[in-house]
Amino acid sequence: MLRIGEAAKQFSISNRTLRYWEETGILKSARSENGYRFYDGENAARIGQIALVESLIGRIREAKDLKQVFICLEAHDGALAAESAASQILLSERVLSMPEENLKNVRIVKLPAMTVASYRAESASPERDCSEVFNPFVLENHLHKRDGFRFLGFNNPSPSQDSPVYGYEMWVTVPEGFDVPEPLVKKHFGGGLYASVSTHMNEIGERWGLLHNWVESSGKYEVDFSFQWLEECCMDFETFISDSVPDSEKQLDLLEPVKLK
């Protein structure tokens, strides 16, 4: 049996990607008494198969001409023939999305200063652990119905190859005089300049990569590491947190802090 964090580390895949593959039916996992996801031998092997296909797609993207593309395909022909139907479906989906390598809809936005209630969890599944505390707090206090409502999150700290454990922190805007109960804390965010692009939960990793590439190649902006990278819910909050809504329908804005060069 392989824990989700161990699988992510072994195959260099994010926890979110693994959860999306489960949602689409490509993978199945079991849960232990403490809530951790585990993959049996069959599903662990399937992760490896999908990762092989992902690697091939990367090599095709790096090819300079069609001749190099065919060389890549021929080199992997035997391995691809043995792949499962799920892997072949994934390959088809990703090949169709390959032209979207350069973002054309990046917005430069100025976030205002905000007072927020904050909560952070650190585990192999911190987004879920954080949500179990934070979402009821938002709903019980009707914060999602207040004027100026904003709901944001970010890795804190980010995942690493050395450990399946990482952190995630969530923020929700609150009135200045609002009494924030423990274990949540009140914070003040000073605002800042951000490059932003929209995404869905199921493609968040890839879109972060494309946004960062856009900033890195920009002749006008560069990353401002003095501010926090953010993910913001940009749809109805109750729909966003609903377990019945698939990740492919949950909308987010990705926000990377920038400054003029």
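For the structure, check the block above.
Residues numbered from 1 in each chain as written. Predicted model: local features only at pLDDT ≥ 70, side-chain atom pairs only at ≥ 80, totals over all residues. Heavy atoms only, no water.

A. Layout of the overall build of the chain. If you tally the helices and strands in the chain, you get nine helices and 12 strands. Residue pairs at least 24 apart in sequence account for 69% of intrachain contacts in the chain once pairs closer than 6 positions are excluded. For the chain, the exposed surface amounts to about 14000 Å²; the carbon and sulfur share of it is 50%. (Helix = DSSP H or I, 4+ residues; strand = E, 2+ residues; numbered from the N terminus. Contact = heavy atoms within 4.5 Å. Areas by Shrake-Rupley, 256 points an atom, 1.4 Å probe, with all protein chains shown as cover.)

B. The arrangement of the nonpolar core in detail. Among the nonpolar cores identified, the biggest contains 34 residues, and F134, F137, V138, F151, V172 and L211 are the most heavily contacted of them. Of all the secondary-structure elements, those providing two or more residues to this core are β5 (114–123), α7 (126–140), β7 (166–173), β9 (192–200), α8 (204–217), β10 (221–223), α9 (237–241) and β12 (251–260). Considering every element that reaches this core, the biggest residue donor is α8, with five residues. Beyond its immediate chain neighbours, meaning those up to four positions away, F151 contacts F134, N135, V138, M170, W171, V172, E231, E232, C233, F237 and F240. (Core = buried A, V, L, I, M, F, W, Y, C linked by side-chain atoms within 4.5 Å. Buried < 20%, exposed > 50% of the residue type's maximum accessible area, 1.4 Å probe, protein only.)

C. How the structure looks around α8. Between its first and last C-alpha atoms α8 spans 20 Å; for 14 residues at 1.5 Å apiece the expected length is 20 Å, and the two agree. In this structure, the buried side of α8 is in contact with α2 (15–23), β9, β10, β11 (230–233) and β12. (Expected span 1.5 Å × (residues − 1).)

D. View of the pairing of β11. The alternating pattern of β11 places L230 and E232 and E231 and C233 on opposite faces, both of which are buried. Across two bridges, strand β6 (residues 151–155) lies against β11 in antiparallel orientation. Counted as the bridge partner of L152 is E232 from β11. Examined bridge by bridge, β11 and β12 share four bridges and lie antiparallel to one another. (Pairing = 2+ DSSP bridges.)

E. Fine view of the side chain of T115. Within the element layout of this structure, T115 appears in strand β5. By relative accessible area, T115 is classed as buried at 10%.

F. Representation of the packing of aromatic side chains. Scanning the model with the defined rule gives nine aromatic pairs in all. A centroid spacing of 6.2 Å and a plane angle of 75° characterise the contact between F137 and F178, whose relative ring orientation is edge-to-face. Taken together, the residues F137 in helix α7 and F178 in the loop between β7 and β8 (185–189) connect sequence positions 41 residues apart. Using a relative accessible area of 6% as the deciding quantity, one classes F137 as buried. The interplanar angle of 50° and the centroid separation of 5.5 Å between the aromatic rings of W171 and F189 together place this pair among those described as tilted. With W171 in strand β7 and F189 in strand β8, the pair connects residues that are 18 residues apart, well separated along the chain. Here a set of aromatic residues connected by ring pairs shows up, and it is made of F134, F137, F149, F151, F178, F237 and F240. (Phe/Tyr/Trp six-rings, centres within 6.5 Å; stacked < 30°, edge-to-face > 60°.)

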